[in-house]
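The primary structure of each chain is shown beneath.
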Amino acid sequence: GAGVSQTPSNKVTEKGKYVELRCDPISGHTALYWYRQSLGQGPEFLIYFQGTGAADDSGLPNDRFFAVRPEGSVSTLKIQRTERGDSAVYLCASSRDGNQPQHFGDGTRLSIL
Amino acid sequence: AQSVTQLDSQVPVFEEAPVELRCNYSSSVSVYLFWYVQYPNQGLQLLLKYLSGSTLVKGINGFEAEFNKSQTSFHLRKPSVHISDTAEYFCAVSERGTYKYIFGTGTRLKVLA
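Residues numbered from 1 in each chain as written. Chains lettered and ligands numbered in written order. Predicted model: local features only at pLDDT ≥ 70, side-chain atom pairs only at ≥ 80, totals over all residues. Heavy atoms only, no water.

**Structural notes on the layout of surface pockets**
Phase 1: Roughly 770 Å³ of internal volume is contained in the largest pocket.
Phase 2: Breaking the lining of the largest pocket down by element, the ones donating at least two residues are strand 9 (88–95) and strand 11 (108–112) of chain A together with strand 10 (87–95) and strand 12 (107–112) of chain B.
Phase 3: Looking at which element gives the most residues to the lining of the largest pocket, the answer is strand 11 of chain A, with four residues.
Phase 4: Classifying every residue of the lining of the largest pocket gives 10 nonpolar, 20 polar and five charged. (1 Å grid on protein atoms, 1.4 Å probe; cavity = no way out; pocket = protein on both sides within 12 Å on 5 of 7 lines; lining within 4 Å. Points joined across faces, edges and corners; volume = space filled by probe spheres on them. Helix = DSSP H or I, 4+ residues; strand = E, 2+ residues; numbered from the N terminus. Nonpolar A, V, L, I, M, F, W, Y, C, P; charged D, E, K, R; others polar.)

**Points about the sheet that holds strand 7 (residues 65–68) of chain A**
Residue and element names in this part refer to chain A.
Phase 1: The strand order across the open sheet built from four strands is 1-3-8-7, with neighbouring strands paired in antiparallel fashion. For this open sheet the edge positions go to strand 1 (5–7) and strand 7, each flanked by a neighbour on one side alone. Ignoring which end each strand starts from, the neighbouring axes of this sheet average 15 degrees apart.
Phase 2: Note: strand 3 (residues 19–24) against strand 8 (residues 75–79), five bridges, orientation antiparallel. Bridging across to strand 8, glutamate 20 finds its partner in lysine 78. (Pairing = 2+ DSSP bridges. Axes fitted to C-alpha atoms, helices over the stretch in contact; angles between N-to-C directions.)

**What about the state of the cysteines?**
Residue and element names in this part refer to chain B.
Phase 1: Counted according to the given criterion, the structure contains two disulfides over all chains.
Phase 2: A sulfur-sulfur separation of 1.9 Å characterises the disulfide bridge that pairs cysteine 23 with cysteine 91. On the sign convention where negative means left-handed, the S-S torsion of about -65 degrees between cysteine 23 and cysteine 91 marks this disulfide as left-handed. Of this pair, cysteine 23 sits in the loop between strand 3 (19–21) and strand 4 (24–26) while cysteine 91 sits in strand 10; the two residues are 68 residues apart in sequence, bridging distant segments of the chain. Neither residue differs from the other here; cysteine 23 and cysteine 91 are each classed as buried. (Disulfide = S-S within 2.5 Å. Buried < 20%, exposed > 50% of the residue type's maximum accessible area, 1.4 Å probe, protein only.)

Everything listed here is a matter of coordinates, which is why it stays silent on function.
Laid out in structure tokens, this is it:
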């Protein structure tokens, strides 16, 4: 079946704007994860959903970042009052459950001007 | 706390030569270990995983890795590389039964003709 789909693939916006990044997981995968990958670094964990609920949001850097998964499938990562330091590739992954290997999407490259 | 160290940020190697990409981890509990590959402007693709059982794990594209508990290592090897193996390789660890992956900073493999 189809892999993890992320849209948009690229997003350029001005400092202070609001952005939404979308993730469509593999069908049937109950677990969904968001990571942030800065230039030259490995991905860093942001948040983990099991079904509709955020089981662990300890990686969100501050309260400008929020994520939802209202129907247990598609998830949206929301960033308010964007800052230049938010520029990164945001990766989404899903797995059959929280103990299975994670499958990653191609990411959204976010650039804050 | 868990951590992953990939000491080599870049590894140049000639085509058809063997390669080893090093990964060391620290953890006070049993772990799962993973290697992912990332091609330019793409997400992470799972190469192989160690969950339990045989310490020698074979993955896709001719790669293999060996889990060494005493040395807390999970080095990735390929006996003969191709130009198409040029990519960034990430080692990741998670505590058994948990979902949170800790990634290393990556190793850029450059295969030379």
